[in-house]
Each structure stands twice: as structure tokens, then as C-alpha cells.
Amino acid sequence: MKRILLPAGGALLATGLIASSLPVTAQAAGRVAHDPMARNSSAAVSIASFWLAANGAALRSATQYTWDSKEVRKVVSKGGYTPDGRPGTTAPTGGTKAAGGQNVNLPKTVGKVFFVDANGKYRWCSATSIQSNYRNLVATAGHCVYDTDSNRDTLDKWVFVPGYYQGKAPWGIYVGKQAFTHYDFDVYEDYDRDFAFVTVYNGITLQRVKPVNRREYQRFTGPKRAWGGRYHLLLVKDAGRLGDNVGGQGFAWNQPTGKPVRAFGYPAAPHPDGDKPYSGVTPKHCYGKPTGKRVGASWLKIEEHVGLKCAVTPGFDGGPWLLNYSNSKRTGYVNGVTSTFADQDGNDRIDYITSPYFDGETAAVYNAAKNVWSGKIVGRNGELYK
């Protein structure tokens, strides 16, 4: 199994650098990295209001993040994958009975994460709610959380919107509180660890508006808006915990790679040939067996991904690969997240997606995140919690 960091007599060697020169210890650097996002309730309400303002105008104007068609190439298969321990699972919660029939019932847990990138552009990726002790956790790709294009740790104004559709947030907006990923991705942008788990505050919705005079409007620090010659305060409402509203998918690691998965996400970008079959408005899905061989992509220094035949386009990145998906309950086990896109037959059409293999080190990051509490950001009457 690939390692960027190797224990060596109390020090770490990292691509020729002696880790004693780094501001971390060997134990702390081993697996889990975490960074704060919205640090307090005032910041969280401001972020949610940014995306909810003007009937979700910022949500509707956002575009898919990061992948350019010039970066879509052929990936290579290597030897078979060896798990680093026993297989394990954490069961999903909140499964709801869905209607029968031949169609695939889309999970309520899947949605979009929105953020502002290093260039100030409004962006999004795909993601899912995942089971945790406090019903407050989101799983997505690491590059949809950590800012790989600037010196900032995390992407700005990060929120999750489950069930997103045309600027609507049917179960509210959930502001990121703390991001967890593998140390190798956080520090070295190692795409073999391109996954992340984010704790989120309780959801928030904008309930109604309250007219006020100009003096009160200027003093108020919460969400507000002026239009029609009058001043209004936007009253916010607590939407409750993410997992209580939409449920949480299970989690699986060290699983055999030949088991079928169903992958979900919001494809939007065109294929390399310019054809644009997806709008990014509604989630799509793929079904198949991930390759049993390790997948490499030299331009991103990837050595240990798994691949799935799937013709979706960027925007799908961050979306879950669900093992043992129940179409009636709309739940399964997150066993991967879409990381990269490939053109295996060289016809300028994406026909393959890849994910990091979820092993024991992935489980260590997940276990660190699943036990962290977030809490509310607004009270019963719309006041901010401090």
C-alpha cells in the first residue's frame, strides 16, 4: 500500500524531507487532518444567508468545480488491491419506504456542496449525508473541501444542500463546521486520499421577512435586505439535524472490489468533445462492479484508485459510491466517492470514473469525524446562538 509518510525511528520521511522539520509530530501526522470552517453561529448564519438570499440566486449561479476537459485522460490498471485489514461496515439510518417499480429511487441523502473558490467563483460538487453519532456528517471528495489552488486550508462559505433542485433547499442549508481528511491529502494533495468528511451545524432556512426602520436595520448584524424602499430583517429558522431530516448512508471499508455499487451525483460539464448531455440540475446514477485492479493516473500522482465504467461528467465528483443499495429504503454503504474522470477508449468522451479505495485509513478519518458534535446556530425565535 502506498505511503507518503513512513515512521522512521520517531521521525518521518516524506518525499526526501525529514519530517522533524515539519511542525507536526509523527503520531499527529499519521492519518487524520482536521480544519475549522464556520467557527461560530454568527459566521454560520452569514454563510447560509449568502446562499439563500434573493431566492437562492447564488446557488443557481454556481458551476461545477475543478475539472477541465483537458485533464481527462486514460488511466492505467495495475496489480490487484490488497486491503489493509478486516472489512467493516457502519449501518445506515433513516431509510424511508419508497414506491416500487423499475426506476431507481434517488436517495434523499444526496445533494450538492456549495462553496466559493480561490478565484471568488461560486462552485459546487456532489456529496451525501452519512451516518454519524450526532446525525451531522457529510461525505464528499477531498478536493471539494480543501482548497488545492491557494494557501487557504478549506474552501470558503462551504454548505451542504441535500435534495438540491433549481436553487431550492427542501431540507435546509447545512453550514460546514469542521473538515476531516487524510493528512496526506491535506498536506501533500495526494489524490489517493481524495475523500473528506465534514461535520455540519443544524440546518437553517429563511422563514420570512420583517420590516424595520433604517436605524434598526443598520444595527442588526444578522441576515438582512433592503428593497422597495423599505428595510427588512430576514428571520431564520432551525431546520434540525441533517441525519434526522434525510437519514445517513452507511459506511464500508476494506471491501472486495468486485461488489456492485451504485454511484450518484450531479454531472454538468461537457465531455472533452464539447457535447453537454447533462444540466447538473438533477442527480444521475451509474451501476456496475468497480475494477479489481488498482488504477493509476500519473498526472495526479494517483496509484491506488479503483475504477467504474460510467459516462458521467464533472459535477459528479464527490458523489457517493453506494454498496448494497436498497432501492426500497434508498440506503446503502458509502464505499467510495467520485474523484477523477477518464477517457479509456480515446474518443474524447468520458467513460470511466475513479475513487480512492476505502481502507482502514479511510475508516480512521471517518471515525474521527463521526464522533464530533456541531449543534444549533439559531434559536426558536430566530436568535443566534453564541
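Treat the numbers as computed from the prediction; the structure is a model and nothing was measured.

Caption draft 1: Representation of the sheet that holds strand β23 (residues 331–337) within the structure. Spatial strand order, β7-β17-β23-β22-β18-β19: six strands in an open sheet with mixed pairing. Looking at which strands have only one partner, the edges of the open sheet turn out to be β7 (88–90) and β19 (284–288). The mean angle between the axes of side-by-side strands here comes to 30°, regardless of whether they run parallel or antiparallel. With three bridges connecting them, β7 and strand β17 (residues 250–253) associate as antiparallel partners. The residue of β17 that forms the bridge with glycine 88 is tryptophan 253. Sheet strands touched by helix α6 (residues 360–370): β7 and β17. Its angle to β17, the strand with the most contacts, is close to 150°.

Caption draft 2: Fine view of the packing of aromatic side chains. If you walk through the whole model with that rule in mind, you get 17 aromatic pairs. A centroid spacing of 4.9 Å and a plane angle of 90° characterise the contact between tyrosine 65 and phenylalanine 115, whose relative ring orientation is edge-to-face. You can see tyrosine 65 sitting in the loop between β5 (63–64) and β6 (76–80) and its partner phenylalanine 115 sitting in strand β8 (residues 110–116), a full 50 residues away along the chain. Residue classification places phenylalanine 115 among the buried residues on the basis of a relative accessible area of 0%. Cluster of aromatic residues (ring-pair linked, three or more members): Phe195, Phe197, Phe251, Trp253, Phe358 and Tyr366. The ring centre of tryptophan 124 lies 3.6 Å from the NZ or CZ of lysine 112, which sits over that ring.

Caption draft 3: Structural view of empty space enclosed by the protein. Applying the stated rule across the entire model yields three cavities of 30 Å³ or more. Space inside the largest cavity adds up to approximately 70 Å³. In this structure, the largest cavity is lined by Gln255, Pro256, Thr257, Val261, Pro290, Val306, Trp321, Asn335 and Tyr357. Considered class by class, the residues forming the lining of the largest cavity number six nonpolar, three polar and no charged.

Caption draft 4: Fine view of the layout of surface pockets. Looking at the second largest pocket, its volume works out to about 240 Å³. If you go around the second largest pocket, you meet 16 residues; those closest to its centre are Leu52, Ala53, Asn55, Gly56 and Leu206. At the level of elements, α2 (41–61), β14 (203–212) and β15 (224–227) are the ones that each hand at least two residues to the lining of the second largest pocket. By residue number, the principal contributor to the lining of the second largest pocket is α2, which donates five residues. Grouping the amino acids of the lining of the second largest pocket by side-chain chemistry returns nine nonpolar, five polar and two charged.

Caption draft 5: Main features of the pattern of salt bridges. Taken as a whole, this structure holds nine salt bridges when the rule is applied. Members of the salt-bridge network, linked through shared partners, are Arg135, Arg241 and Asp244.

Caption draft 6: Region of the structure containing α2. Counted at 1.5 Å a residue, the expected span for α2 with its 21 residues is 30 Å, but the 25 Å between its end C-alpha atoms falls short. At asparagine 55, α2 is bent by approximately 115°, the largest bend along its length. The set of residues buried in α2 consists of Ser41, Ala44, Val45, Ile47, Ala48, Ser49, Trp51, Leu52, Gly56, Ala58 and Leu59. Its side-chain oxygen 3.3 Å from the backbone nitrogen of serine 42, asparagine 40 forms the N-cap of α2.

Caption draft 7: Seen up close, the sheet that holds strand β21 (residues 302–309). Spatially, five strands are ordered β6-β20-β21-β25-β24 in an open sheet, and the strand pairing comes out antiparallel. Bordering the open sheet on either side are β6 and β24 (340–342), each of which pairs with just one other strand. Adjacent strand axes in the sheet meet at a mean angle of 45°, parallel and antiparallel pairs treated alike.

Cut-off values and rules
- Residues numbered from 1 in each chain as written.
- Predicted model: local features only at pLDDT ≥ 70, side-chain atom pairs only at ≥ 80, totals over all residues.
- Heavy atoms only, no water.
- Pairing = 2+ DSSP bridges.
- Helix = DSSP H or I, 4+ residues; strand = E, 2+ residues; numbered from the N terminus.
- Axes fitted to C-alpha atoms, helices over the stretch in contact; angles between N-to-C directions.
- Contact = heavy atoms within 4.5 Å.
- Phe/Tyr/Trp six-rings, centres within 6.5 Å; stacked < 30°, edge-to-face > 60°.
- Buried < 20%, exposed > 50% of the residue type's maximum accessible area, 1.4 Å probe, protein only.
- Lys NZ or Arg CZ within 6 Å of the ring centre and 35° of its normal.
- 1 Å grid on protein atoms, 1.4 Å probe; cavity = no way out; pocket = protein on both sides within 12 Å on 5 of 7 lines; lining within 4 Å.
- Points joined across faces, edges and corners; volume = space filled by probe spheres on them.
- Nonpolar A, V, L, I, M, F, W, Y, C, P; charged D, E, K, R; others polar.
- Salt bridge = Lys/Arg side-chain N within 4 Å of Asp/Glu carboxyl O.
- Expected span 1.5 Å × (residues − 1).
- Bend = angle between axes of the 7 residues up to and from the residue.
- Polar contact = N/O pair within 3.5 Å; in protein donor to acceptor, adjacent residues only side chain to side chain.

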